[in-house]
Structure formats: C-alpha cells, structure tokens
Amino acid sequence: MIKGEELFADSKLEWMRDENVRPYVFVRPENRILEPGRLHRRLDWFPHPVIYKNPLEMDQVAFADRILHLETKAFGPSGMAMPRWVFYDCAVVPGFVAGFAARTSALPDDVKAALGADGSVEWTPLSLFIIIPTMSRDGEWVAHNLCSVNSILPKVRQYYGIGFISKAFGLWYANVRACCGMTQWTSPSVKLHSNYGDFEVLTAYTPVHSYARTVTYRLIVDAESWQGFFTKQDRKGFHDRYAPAGFDVNRVDDDSLIAFQRRLEADEGPFFLDPKEARLKALDAPLKIYRLK
Ligand SMILES: CC(C)(COP(=O)(O)OP(=O)(O)OC[C@H]1O[C@@H](n2cnc3c(N)ncnc32)[C@H](O)[C@@H]1OP(=O)(O)O)[C@@H](O)C(=O)NCCC(=O)NCCS
C-alpha cells in the first residue's frame with residue numbers, strides 16, 4: 001500500500017491533513033463514478049470524505065461561480081480563460097470537475113479576497129481538474145483543464161503540491177488508466193503532467209490549437225510513481241525501458257517543434273519525456289526525447 005501519511009507529514013503538504021480542506025467532485029448524478037479508486041487501489045492518498053456538488057441544481061451555482069472565478073484569474077494572463085458555456089457544455093455535462101475546497105470560514109481574509117469567496121457558501125474551491133471521457137475504444141479520458149489557487153497567491157499562502165494532487169485525485173477517483181491532454185510547451189504544468197505515468201508526445205506542434213506551441217500527450221497512469229513528483233528521484237525503471245531517441249526538443253523554437261512534429265507524422269515514434277528531467281529543468285530549457293528500448 002502506498003500511504004500518504006508519511007508524504008503528507010512534510011510541513012509543506014500539511015494542508016492535506018487539515019480537516020478544513022477536502023476533495024470535492026462537481027458532477028451530475030448520472031456521471032458519478034461507481035467505485036472511486038478501484039483501479040489504483042494500492043494508493044492510499046485520499047481517505048477523506050468527498051464533498052459532492054450537483055451542477056444540475058440551481059442553488060449550486062454559487063460553487064460553480066467560485067470555480068469559474070478561480071479559473072478566470074488563473075488563465076486570464078495567458079488569454080485562455082474558459083467561457084462559461086464551455087464549462088457547462090463541454091466539461092460539466094460530459095465529464096466532471098474535481099479538486100480541493102477549503103471551509104470558507106477557515107480561510108485567511110487575503111485568500112478569501114483572492115478567491116472572491118462567498119461567505120454564505122460553506123466550501124470554496126482551491127483547485128480544479130476537469131476530465132472528460134473520449135470516444136476512444138480503449139476508454140481513454142481527456143484532461144481538459146487544471147488550475148490551482150497557487151497561481152494567484154503569494155508564496156507564504158500557497159498550498160504546496162495542490163495542482164499535482166488535484167489531478168492525481170481526479171485520475172484516482174475515476175479509475176483512469178489512460179488519459180490524453182494538451183498544454184503549452186513552456187507551461188509549468190508540463191512539470192506536473194509528465195509525472196503521472198508514461199508520458200507520450202502525440203503532437204509537438206499543433207497549429208489547429210489557438211497556440212501552435214501546444215503539446216498533445218497521452219499518459220498511462222501509474223499511481224505508484226506519483227510520489228516521485230515530490231521526491232524528484234528517477235522514475236523507477238524509466239531508464240531500463242526507455243533510451244534517448246537521439247534528439248532534443250527546443251520548446252521555444254518553432255523549427256525544432258515542427259521537426260519533431262514531422263517525425264511524429266512520419267510514424268518514427270512513439271516518443272516520450274523523462275518525468276524527472278521535465279520536473280527539474282527550467283520551463284524553457286530543451287528536453288531530451290526518448291523512445292522505447
Ligand atoms: C500550472 C498549475 C496548475 C500548477 O499548480 P501548482 O499548484 O502551482 O503546482 P504544485 O504546487 O502542484 O507543484 C509545485 C511545483 O511546481 C512548480 N511550479 C508551479 N508553478 C510554477 C511556475 N510558474 N514556474 C515554475 N515552476 C512552477 C513549483 O515550483 C513546485 O516545484 P518545486 O517542488 O521544485 O518547488 C498552476 O500554476 C496554475 O493554475 N497555473 C495557471 C493555469 C495553467 O496554466 N494551467 C495549466 C494548463 S494545462
């Protein structure tokens with residue numbers, strides 16, 4: 001069993017043991033997962049009772065407003081804030097939102113102000129992870145959105161690890177085996193997304209997206225490796241299974257991204273990232289590309 005106890009005893013992760021912080025799932029009743037955690041049952045990170053909210057209930061709009069307030073503040077600077085109708089049509093109805101929420105009355109005033117907290121709502125979301133099932137025959141999901149309060153709080157108020165743990169919670173909760181997603185190459189989220197299991201690059205240059213420097217990825221979830229995000233050690237067995245493919249990707253150079261994309265389109269892959277390297281390198285540093293041995 002992979003217990004969270006020892007990991008969450010670290011003072012930076014103490015918030016995971018705070019009774020005023022709980023995981024939430026904002027999901028319509030028909031989409032509720034029947035046996036949360038069944039697939040990743042060796043992981044014991046989430047013993048907390050889950051707060052459920054039903055987006056089809058009119059009175060839950062206040063909770064939805066707080067999710068969207070956080071999302072708009074987190075993504076506003078990159079010009080990718082989600083329109084409200086996209087949240088409803090493309091996220092809430094087909095999938096669900098998961099994350100952590102704090103008891104509003106227990107939040108410091110400056111955090112309440114940053115979150116635009118509504119004193120009449122018992123729980124205020126601190127993070128959100130949206131995941132949607134896809135048409136894939138393999139039961140693949142798509143990670144549509146991830147953001148955390150850390151991106152809008154000063155360091156002293158941050159909930160260290162909440163972005164990583166929120167996605168971990170969603171993957172664990174919904175028994176996700178495989179999941180694709182998309183992000184921009186220099187986003188801090190690359191550090192997170194590459195640390196949930198084998199991380200395959202599906203597109204390196206994506207002009208059909210609003211931002212061509214978007215990476216589309218597939219990850220095969222390995223919950224037993226998740227603590228590596230915090231220990232920053234080599235992923236167990238990574239170098240036994242993968243070898244350098246003989247080239248790097250320069251994340252801030254279109255020519256490099258396009259050359260990588262051409263290799264993918266010529267079926268030279270599959271290609272993968274080393275989670276430790278993505279975790280530790282500067283956001284604009286080149287990354288070594290790997291292939292299966
Ligand atoms: C990207 C995001 C989800 C990360 O969540 P988070 O809660 O800040 O990150 P966590 O606390 O889980 O992870 C902590 C690690 O990530 C690193 N990190 C987080 N933001 C970073 C940044 N802007 N630059 C560099 N590293 C960053 C931290 O330094 C820390 O690493 P360390 O242990 O080496 O110090 C969050 O910053 C965010 O909401 N950003 C705005 C929205 C966004 O871009 N989302 C991603 C779209 S896919």
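Source: prediction; values computed, not measured.

(A) Quick peek at the overall build of the protein. Of regular secondary structure, the protein possesses nine helices and 14 strands. For 293 residues, the compact-globule estimate of 2.2 N^0.38 gives 19 Å, and the C-alpha radius of gyration of the protein, at 19 Å, lies within 12% of that figure. Over its C-alpha atoms, taken along the principal directions, the protein stretches across nearly 55 × 40 × 40 Å. Residues classed as buried in the protein amount to 53% of the 293 residues present. Excluding contacts between residues fewer than 6 apart, the proportion of contacts in the protein whose partners are at least 24 apart in sequence is 74%. Carbon and sulfur atoms form 51% of the exposed surface of the protein, whose accessible area is close to 13700 Å². Here the protein carries 36 positive and 36 negative side-chain charges, and the mean point of each set is 2 Å from the other.

(B) Region of the structure containing unusual backbone geometry. Across the junction of Gly269 and Pro270, the peptide omega takes the value 5°, indicating a cis bond. Its place among the elements puts Pro270 in the loop between α8 (254-265) and β13 (271-273). Backbone geometry places Asn175, a non-glycine residue, at a positive phi of 55°. Its place among the elements puts Asn175 in the loop between α4 (162-173) and β9 (178-184). Of note, the phi angle at Asp267 is positive, near 60°, even though the residue is not glycine. Looking at the secondary structure, you find Asp267 in the loop between α8 and β13. Given the relative accessible area of 68%, Asp267 is considered exposed.

(C) Layout of the domain arrangement of the protein. According to the domain assignment, the protein consists of domain 1 (1-176) and domain 2 (177-293). Each partner contributes residues to the interface: domain 1 has 31 residues there, and domain 2 has 24 residues. At the boundary of domain 1 with domain 2, total buried surface from both sides reaches about 2300 Å², with 69% on carbon and sulfur atoms. The three residues of domain 1 that bury the most area against domain 2 are Glu140, Phe164 and Lys167, which together make up 28% of that side's buried surface. At the boundary of domain 1 and domain 2, one finds two salt bridges. Across the pair Glu224 and Arg42 runs a salt bridge whose closest N-O atoms are separated by 2.9 Å. Joining domain 1 to domain 2, the criterion identifies ten residue pairs in polar contact (both at pLDDT 80 or more). If you list the elements that add at least two residues to the side of domain 1 that touches domain 2, you get β8 (141-148) and α4. Classifying every residue of the side of domain 1 that touches domain 2 by side-chain character gives 19 nonpolar, eight polar and four charged.

(D) Region of the structure containing the site of the ligand. Of all residues adjacent to the ligand, which total 22 residues, the nearest are Ser148, Tyr160, Gly161, Lys232 and Arg279. The contact in question runs from an oxygen atom of the ligand to an N or O atom on the backbone of Phe164, over 2.8 Å. A distance of 2.8 Å separates an oxygen atom of the ligand from a polar side-chain atom of Lys232. Put simply, the parts of the chain that give the shell around the ligand at least two residues each are α1 (61-75), β8, α4 and α5 (189-193). Among the elements that make up the shell around the ligand, the one with the highest residue count is α5 (four residues). Of the residues contributing to the shell around the ligand, the split by class is eleven nonpolar, eight polar and three charged. Both domains that meet at the shell around the ligand, namely domain 1 (1-176) and domain 2 (177-293), each give it at least three residues.

(E) Structural context of the pattern of salt bridges. In this structure the tally under the stated criterion is 18 salt bridges. With a closest N to O distance of 3.3 Å, Glu200 and Arg218 form a salt bridge. Of the two residues, Glu200 is situated in strand β10 (residues 197-203) and Arg218 in strand β11 (residues 214-221); the sequence distance between them amounts to 18 residues. Arg218 sits in the partly exposed class, given a relative accessible area of 25%. Between Lys276 and Asp234 there is a salt bridge, with its nearest N and O atoms 3.4 Å apart. Of the two residues, Lys276 sits in helix α9 (residues 275-280) while Asp234 sits in the loop between α6 (228-231) and α7 (238-241), which places them 42 residues apart along the sequence. A residue is classified by how much of its surface remains accessible, and Lys276, at 27% relative accessible area, is partly exposed. Under the relative-accessibility criterion, Asp234 is labelled partly exposed at 44%. Residues participating in the shared-partner salt-bridge network are Asp198, Asp222, Arg235 and Arg241.

(F) Just a negative patch on the surface, in detail. The grouping of Asp10, Glu14, Asp18 and Glu19 at the surface amounts to a negative patch. Looking at the element boundaries, Asp18 is found in the loop between β1 (2-3) and β2 (21-26).

Here is what the cut-offs are and how they apply
- Residues numbered from 1 in each chain as written.
- Predicted model: local features only at pLDDT ≥ 70, side-chain atom pairs only at ≥ 80, totals over all residues.
- Heavy atoms only, no water.
- Helix = DSSP H or I, 4+ residues; strand = E, 2+ residues; numbered from the N terminus.
- Rg over C-alpha atoms; globule rule 2.2 N^0.38 Å.
- Buried < 20%, exposed > 50% of the residue type's maximum accessible area, 1.4 Å probe, protein only.
- Contact = heavy atoms within 4.5 Å.
- Areas by Shrake-Rupley, 256 points an atom, 1.4 Å probe, with all protein chains shown as cover.
- Lys, Arg positive; Asp, Glu negative; His and termini not counted.
- Charge placed at Lys NZ, Arg CZ, Asp CG, Glu CD.
- Domains from an automatic or database assignment.
- Buried area = accessible area lost by both parts, 1.4 Å probe.
- Salt bridge = Lys/Arg side-chain N within 4 Å of Asp/Glu carboxyl O.
- Polar contact = N/O pair within 3.5 Å; in protein donor to acceptor, adjacent residues only side chain to side chain.
- Nonpolar A, V, L, I, M, F, W, Y, C, P; charged D, E, K, R; others polar.
- Near = heavy atom within 4 Å.
- Patch = residues over 30% accessible without salt bridge, like charges linked within 9 Å, V, L, I, M, F, W, Y side chains within 5 Å.

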